[in-house]
Amino acid sequence: MLKTKTFLTALVLLAAASISSADELSPLHNPINGLDVDGNNRIQAHDALLVINVLLQPHAPQETATALAETNQPTYFWDTNNDFRVSARDALLVINHLTTVPEPSSVVLAGAGLAALAGYAWRRRAVRTQ
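Please read these numbers as outputs of a predicted model, since none were measured by experiment.

### Some words on the overall build of the chain
- Of the regular secondary structure elements, the chain holds five helices and zero strands.
- For the chain, the sequential pattern of α-helices and β-strands runs α-α-α-α-α.
- Each of the 130 residues in the chain was classed as buried or not, and the buried ones make up 24%.
- Sequence-distant contacts in the chain: of pairs separated by 6 or more residues, those separated by 24 or more amount to 64%.
- Of the roughly 9100 Å² of accessible surface on the chain, a fraction of 64% belongs to carbon and sulfur atoms.

Written as structure tokens, this is what we have:
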């Protein structure tokens, strides 16, 4: 299972590297981090939801994204794979990243929780042996 996740992560990073080496960037593509739709330097579920919301608009997604980018609303980078259009693949890339790469804060919280549990168990054991 771990090898599969590592392979998928490497595949996504390889695809992102090949896309970032392209000469032209879509105006709806984030040049710093292609999967960061809202530009907050983090890849979250909110990024996938932004792409899905554009896809659910009654007009064609590309027209909707372009129209929203030209208005005074916040600019988002809906084109995550830099193919100059907004499609379901853009949301899928974000979702795949979220399922394969753990969020650093969850690892830290899990470590703190395990340390607290170990301390509690050790204390309970020390009390019983006395």
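So, next bit.
### What to know about the packing of aromatic side chains
- This model, assessed by the stated rule, comprises one aromatic pair.
- Judged by centre distance (5.8 Å) and plane angle (70 degrees), the ring pair of Tyr-76 and Trp-78 falls under edge-to-face.

### Some points on the confidence of the model for the chain
- With 69% of its residues at a pLDDT of 70 or more, the chain shows a mean pLDDT of 78.
- Here helix α1 (residues 2–20) is the element of the chain with the lowest mean pLDDT, 59, and helix α4 (residues 88–100) is the one with the highest, 93.

### Observations regarding the nonpolar core
- In terms of nonpolar packing, the biggest core is built from 14 residues, with Val-37, Val-51, Ala-65, Trp-78, Val-86 and Val-94 touching the most fellow members.
- At the level of elements, α2 (45–55) and α4 are the ones that each hand at least two residues to this core.
- Sorting elements by how many residues they give to this core places α2 first, with four residues.
- The contact partners of Val-37, leaving out residues within four places of it in the chain, are Asp-47, Leu-50, Val-51, Tyr-76, Phe-77, Trp-78, Thr-80 and Val-94.

### Quick look at the pattern of salt bridges
- In the structure shown here, the tally under the stated rule is one salt bridge.
- As a salt-bridge pair, Asp-83 and Arg-85 come within 3.5 Å of each other at their nearest N and O atoms.

### Points about α4
- With 13 residues, α4 ought to run about 18 Å at 1.5 Å a step, and its terminal C-alpha atoms sit 18 Å apart, in line with that.
- Along α4, the residues classified as buried are Asp-90, Ala-91, Leu-93, Val-94, His-97 and Thr-100.

### Notes on unusual backbone geometry
- Located in the positive-phi region is Asn-41, a residue other than glycine, with phi close to 65 degrees.
- Within the secondary structure, Asn-41 sits in the loop between α1 and α2.
- With a phi close to 55 degrees, Asn-82 is a non-glycine residue in the positive phi region.

### Focus: α2
- Within α2, the full set of buried residues consists of Asp-47, Ala-48, Leu-50, Val-51 and Val-54. The arc that holds the buried residues of α2, viewed along the axis, is 155 degrees, so those residues lie on one side.

### Considerations on the packing of α2 against α4
- Running from N to C, α2 and α4 cross one another at 165 degrees; their axes reach a closest spacing of 9 Å. By the angle class used here, α2 and α4 are roughly antiparallel. As α2 runs across α4, the sense of the crossing is left-handed. Here Ala-45, Asp-47, Ala-48, Val-51, Ile-52 and Leu-55 of α2 come into contact with α4, specifically with Ala-88, Asp-90, Ala-91, Val-94, Ile-95 and Leu-98.
- For the contact of α2 with α4, the per-class residue count stands at 10 nonpolar, no polar and two charged.

Rules behind the numbers
Residues numbered from 1 in each chain as written. Predicted model: local features only at pLDDT ≥ 70, side-chain atom pairs only at ≥ 80, totals over all residues. Heavy atoms only, no water. Helix = DSSP H or I, 4+ residues; strand = E, 2+ residues; numbered from the N terminus. Buried < 20%, exposed > 50% of the residue type's maximum accessible area, 1.4 Å probe, protein only. Contact = heavy atoms within 4.5 Å. Areas by Shrake-Rupley, 256 points an atom, 1.4 Å probe, with all protein chains shown as cover. Phe/Tyr/Trp six-rings, centres within 6.5 Å; stacked < 30°, edge-to-face > 60°. pLDDT = per-residue confidence, 0-100. Core = buried A, V, L, I, M, F, W, Y, C linked by side-chain atoms within 4.5 Å. Salt bridge = Lys/Arg side-chain N within 4 Å of Asp/Glu carboxyl O. Expected span 1.5 Å × (residues − 1). Arc of directions from axis to C-beta. Axes fitted to C-alpha atoms, helices over the stretch in contact; angles between N-to-C directions. Parallel < 35°, antiparallel > 145°, perpendicular 65-115°, else oblique. Left-handed = near helix turned anticlockwise from the far one by under 90°. Nonpolar A, V, L, I, M, F, W, Y, C, P; charged D, E, K, R; others polar.

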